[in-house]
2 protein chains.
Amino acid sequence: MDMTQALQRDAVRTRRALLDAAAKTIATHGAAVSLEVIAREAGVSKGGLLHHFRSKEALLVGLVEEWLARFDAAVRRHLDPNDHRPGGLFRAHIRATFDDSPEMVDELWRNPAVLTALLGVPDVLQRAQVHDRMWRQALADDGLHPQRAAVIMGMLDGCTMSDLLGNTSTKAEREDTRALLLALTDETGPVVSQG
Amino acid sequence: MDMTQALQRDAVRTRRALLDAAAKTIATHGAAVSLEVIAREAGVSKGGLLHHFRSKEALLVGLVEEWLARFDAAVRRHLDPNDHRPGGLFRAHIRATFDDSPEMVDELWRNPAVLTALLGVPDVLQRAQVHDRMWRQALADDGLHPQRAAVIMGMLDGCTMSDLLGNTSTKAEREDTRALLLALTDETGPVVSQG
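Residues numbered from 1 in each chain as written. Chains lettered and ligands numbered in written order. Predicted model: local features only at pLDDT ≥ 70, side-chain atom pairs only at ≥ 80, totals over all residues. Heavy atoms only, no water.

The name given to chain A in an unreviewed UniProt entry is TetR/AcrR family transcriptional regulator, with Micromonospora endolithica as the source organism.

Encoded structure:
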């Protein structure tokens, strides 16, 4: 590993430590926690923190971006290289939503102070919206009729909504919904004839 | 109007004034606002406030219950007495979600301090979940195949999710989704054959 790589690795590590420190100190001290306290928790100088994140808002945006990137990585993990039928990206998205997303949402709820802090930052919402748009465009090119795609995307949003509000459905109900969504990707035409 | 009715009317009015005062003072002073300040804003003694709501949490639960009741009233308003086909409750629910819910969500976002305060109260979430369960049961008896009902309910949750996250879809996209949901209630069988 050369010098540049070592420096990059350190930068990634420091960034990681700062995001962890932000989540941890917001949980214990509340959303008004100072950048000094966050830097100290990460074992970094305040100047070091400001080099990576110029404000508390930037740290919160960093947390949400990390969260969205984890979801994207989960979808990629679920992509089946042997699946060449239309709807393959949908199937990976469905599997990530059911098999990975609930744990990520649980983590978020384990730290409600971070959740409420996130809601207070307009840039956080904007990142979530950009992420949502990006997925909608990718899924629109997955070979399913736009109407069928809209049904599946709507239902997937519904699953995220239920997870965020603290899911009350049973394991069997979740299994049914997962199977229904996957079955919806097995055909490509419209779900209903609209006239 | 007799004495009892007059007293009941006053109680409803005081309750209303207290909920409005809670929303207003949380917006200006933050979630930590005292019950004294809320009572003063409502023009009620602290004892009067405690008679209606025993704590700040109870006021926040009161706000969410009022919000859920407004949605229920919107669904009732959209019930068509001449519609005797299966799916009539779904159609009213769809119309309330598209025609009334967005304005209610906008109101919520106009006061983000109340929104974050609501998230911090477990009883608020529990009320929302009970409300959700109640609707799921009512809609399960609306004459549509359980699978079709699950698709429509999932998509409706998805619409609420998009509204809550600050909807980025265009007016035309919303119209398409509304029409698609209504079209889904025109048939009663399963949407997809699952094997």
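Moving on from the model shown.
*Asks:* Before we move on, can you summarise the interface of chain B and chain A with the specific residues and values?
*Replies:* Each partner contributes to the interface: chain B provides 32 residues, whereas chain A provides 32 residues. Summing both sides of the interface, chain B and chain A together bury roughly 2,800 Å²; the carbon and sulfur share of this comes to 69%. Summed over the three residues of chain B that lose the most area to chain A, namely B:L119, B:M161 and B:L180, the buried surface amounts to 18% of that side. Applying the counting rule to chain B against chain A returns two salt bridges. B:E173 serves as the salt-bridge partner of A:R133, at 3.4 Å between the closest nitrogen and oxygen. (Contact = heavy atoms within 4.5 Å. Buried area = accessible area lost by both parts, 1.4 Å probe. Salt bridge = Lys/Arg side-chain N within 4 Å of Asp/Glu carboxyl O.)

*Asks:* Before we move on, can you summarise the confidence of the model for chain A with the specific residues and values?
*Replies:* Residues and elements named next belong to chain A. On average, chain A scores 91 in pLDDT, and the residues at 70 or more come to 98%. Within chain A, helix 2 (residues 35-42) carries the highest mean pLDDT (97), whereas helix 7 (residues 112-119) carries the lowest (83). Listed scores for the predicted complex are pTM 0.87 and ipTM 0.84. (pLDDT = per-residue confidence, 0-100. Helix = DSSP H or I, 4+ residues; strand = E, 2+ residues; numbered from the N terminus.)

*Asks:* I'd like a description of the side chain of A:D72, backed by residues and values.
*Replies:* Residues and elements named next belong to chain A. Among the structural elements, D72 can be located in helix 4 (residues 56-78). Of the polar contacts made by the side chain of D72, one reaches the side chain of H131; its length is 2.7 Å. Contact partners of D72, with chain neighbours within four places excluded, come to H131, M134 and W135. (Polar contact = N/O pair within 3.5 Å; in protein donor to acceptor, adjacent residues only side chain to side chain.)

*Asks:* Describe in detail the relation of the copies chain B and chain A, supporting the description with residues and values.
*Replies:* With an RMSD of 0.0 Å, chain B superimposes on chain A once it is rotated by 180 degrees and translated 0.0 Å along the axis. As the rotation angle and translation indicate, the two copies are arranged about a two-fold axis. Rotation axis and chain B: the residue whose C-alpha lies nearest the axis is B:G158, separated from it by 1.8 Å. (Least-squares fit on C-alpha atoms with pLDDT ≥ 70 in both.)

*Asks:* Describe the UniProt feature "domain: HTH tetR-type" (unreviewed entry) in chain A, listing the residues and the values that go with them.
*Replies:* Residues annotated in UniProt with the feature "domain: HTH tetR-type" (unreviewed entry) correspond here to residues 12-71 of chain A. Segment residues 12-71 of chain A splits into 82% helix and 0% strand. End C-alpha atoms: 19 Å apart. (UniProt positions renumbered as here; feature names shortened; annotations may be inferred.)

*Asks:* Describe in detail the domain arrangement of chain A, supporting the description with residues and values.
*Replies:* Residues and elements named next belong to chain A. Domain annotation of chain A identifies domain 1 (1-54) and domain 2 (57-195). Each partner contributes to the interface: domain 1 provides 14 residues, whereas domain 2 provides 10 residues. A buried area of about 950 Å², summed over both sides, lies between domain 1 and domain 2, and 74% of it is on carbon and sulfur atoms. The three residues of domain 1 that bury the most area against domain 2 are L19, I26 and F53, which together make up 45% of that side's buried surface. If you look at where domain 1 meets domain 2, you find one salt bridge. The salt bridge involving E66 is made with R16; its shortest N-O contact spans 1.9 Å. Put simply, domain 1 and domain 2 have two residue pairs in polar contact (both at pLDDT 80 or more) between them. Per-element tally for the side of domain 1 that touches domain 2: the top contributor is helix 1 (residues 3-29), with eight residues. When grouped by side-chain class, the residues that make up the side of domain 1 that touches domain 2 number 11 nonpolar, no polar and three charged. (Domains from an automatic or database assignment. Nonpolar A, V, L, I, M, F, W, Y, C, P; charged D, E, K, R; others polar.)

*Asks:* Can you lay out the packing of aromatic side chains for me, pointing to particular residues and giving the numbers?
*Replies:* Residues and elements named next belong to chain A. Per the stated rule, a full pass over the model turns up two aromatic pairs over all chains. For the pair F71 and W135, a centre-to-centre distance of 6.4 Å together with 80 degrees between the ring planes defines the contact as edge-to-face. Residue F71 is found in helix 4, and its partner W135 is found in helix 8 (residues 122-140); the two are separated by 64 residues along the sequence. Judged by its relative accessible area of 10%, F71 is buried. (Phe/Tyr/Trp six-rings, centres within 6.5 Å; stacked < 30°, edge-to-face > 60°. Buried < 20%, exposed > 50% of the residue type's maximum accessible area, 1.4 Å probe, protein only.)

*Asks:* Explain the nonpolar core residue by residue, including any values.
*Replies:* Judged by nonpolar contacts, the single largest core of 54 residues is most densely connected at A:V151, A:L184, B:V151 and B:L184. With residues near it in sequence (within four places) discarded, B:L184 still touches A:V151, A:V191, A:V192, B:R148, B:V151, B:I152, B:M155 and B:V191. (Core = buried A, V, L, I, M, F, W, Y, C linked by side-chain atoms within 4.5 Å.)

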